Amino acid sequence: MKSVLYIKANPKSDEDSITFQMSQRFIETYQRANPDDVITTLDLYKENPRFLNANDLNNMVSEAQFDVRQYAKQFAQHDRIVFAAPMWNLSFPSILKAYLDYVAFQGITFKYTQNGSVGLLAGQGKKVLYLVARGGSYTDEPMKSMELGERYLRTLMAFFGIDDFTTVSCEMTNVLQGEELNNAVAEAVNAAVTAAKIF
């Protein structure tokens, strides 16, 4: 039995969000394929994590206990991580960054050594999936170099020691219309379903 942490970062409803249309189908398919696995949903717009303040930063360095360490512990305890977040302004909604600032907790997800940082989640078989809808096309240059959301998540996960990282995207959602948009969404949902079967 494995545990899955499903992290949602979009103020839109499941019906109005293309990202969530993808992620909901992913979760449904995964649960059917893995009925004994436990899925925990973390809706960041309901959680509403505040931005780190100076006191929080001091506590993180000093290893003092404080109420939001739970995010890092929860993250570290799960075998599978699913991020569902649309592209906003070349990255993802800032609430996801606020959350990740708590997850990046020294002594839980990484540590510093004389030889540099070490990811504490390495060697545990953890996997990460990023589901994202993007308004434009970021598959090829020059736009590919401007995509910062996937790049940041992939880099941070590697910092924690997790190298198994997959992205499923739906692109051109602000450009395509009508049947073309519907076809693009359907293709992305199908890709999410396929990913769920092997995740």
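Residues numbered from 1 in each chain as written. Predicted model: local features only at pLDDT ≥ 70, side-chain atom pairs only at ≥ 80, totals over all residues. Heavy atoms only, no water.

Asks: I'm lost on unusual backbone geometry in this one. Help?
Replies: For residues besides glycine, phi is generally negative; the peptide bonds are generally trans as well. Residues Glu141 and Pro142 are joined by a peptide bond in cis, for which omega reads 5°. If you trace the backbone, Pro142 turns up in the loop between β6 (127-133) and α6 (149-160). Even without being a glycine, Leu90 presents a positive backbone phi close to 75°. Residue classification places Leu90 among the partly exposed residues on the basis of a relative accessible area of 26%. (Helix = DSSP H or I, 4+ residues; strand = E, 2+ residues; numbered from the N terminus. Buried < 20%, exposed > 50% of the residue type's maximum accessible area, 1.4 Å probe, protein only.)

Asks: What's the story with helix α5 (residues 94-103) in this structure? I'm lost.
Replies: In an α-helix, one turn spans 3.6 residues; hence positions three or four apart end up facing the same way. Where burial is concerned, most of α5 is hidden: 7 out of the 10 residues are buried. The set of residues buried in α5 consists of Ile95, Leu96, Ala98, Tyr99, Leu100, Tyr102 and Val103.

Asks: Just checking my understanding: could you explain the pattern of salt bridges for this structure?
Replies: Pairing between side chains of opposite charge can happen when their charged atoms approach one another. Enumeration over the complete set of coordinates arrives at 6 salt bridges. The salt bridge partner of Glu147 is Arg134, with a shortest N-O separation of 3.8 Å. Of the two residues, Glu147 is situated in the loop between β6 and α6 and Arg134 in the loop between β6 and α6; the sequence distance between them amounts to 13 residues. Among the residues examined, Glu147 registers a relative accessible area of 6% and is labelled buried. The residue Glu171 makes a salt bridge to Arg134 at a minimum N-O spacing of 3.1 Å. Here the residue Glu171 occupies a position in the loop between β7 (165-170) and α7 (178-198), and Arg134 occupies one in the loop between β6 and α6, the gap between them amounting to 37 residues. With relative accessibility at 13%, the residue Glu171 sits in the buried group. According to the relative accessible area criterion, Arg134 is buried, its value standing at 4%. Shared partners join several salt bridges into a network, and the residues in it are Arg134, Glu147, Glu150, Arg154 and Glu171. (Salt bridge = Lys/Arg side-chain N within 4 Å of Asp/Glu carboxyl O.)

Asks: Would you mind showing me how to read the sheet that holds β6 here?
Replies: Backbone hydrogen bonds are what pair the strands of a sheet, in a parallel or an antiparallel way. An order of β2-β1-β3-β6-β7 is seen for the 5 strands of this open sheet, with the pairing classed as parallel. The sheet terminates laterally at β2 (38-43) and β7, the two strands that pair on one side only. Neighbour to neighbour, the strand axes of the sheet diverge by 15° on average, direction disregarded. Bridge analysis of strand β3 (residues 80-84) against β6 gives 5 bridges, and the strand direction is parallel. Of the residues in β6, the one forming a bridge with Ala84 is Leu131. Each of β1 (3-8), β2, β3, β6 and β7 touches helix α1 (residues 18-33); the most contacted strand, β6, lies at about 145° to it. (Pairing = 2+ DSSP bridges. Axes fitted to C-alpha atoms, helices over the stretch in contact; angles between N-to-C directions. Contact = heavy atoms within 4.5 Å.)

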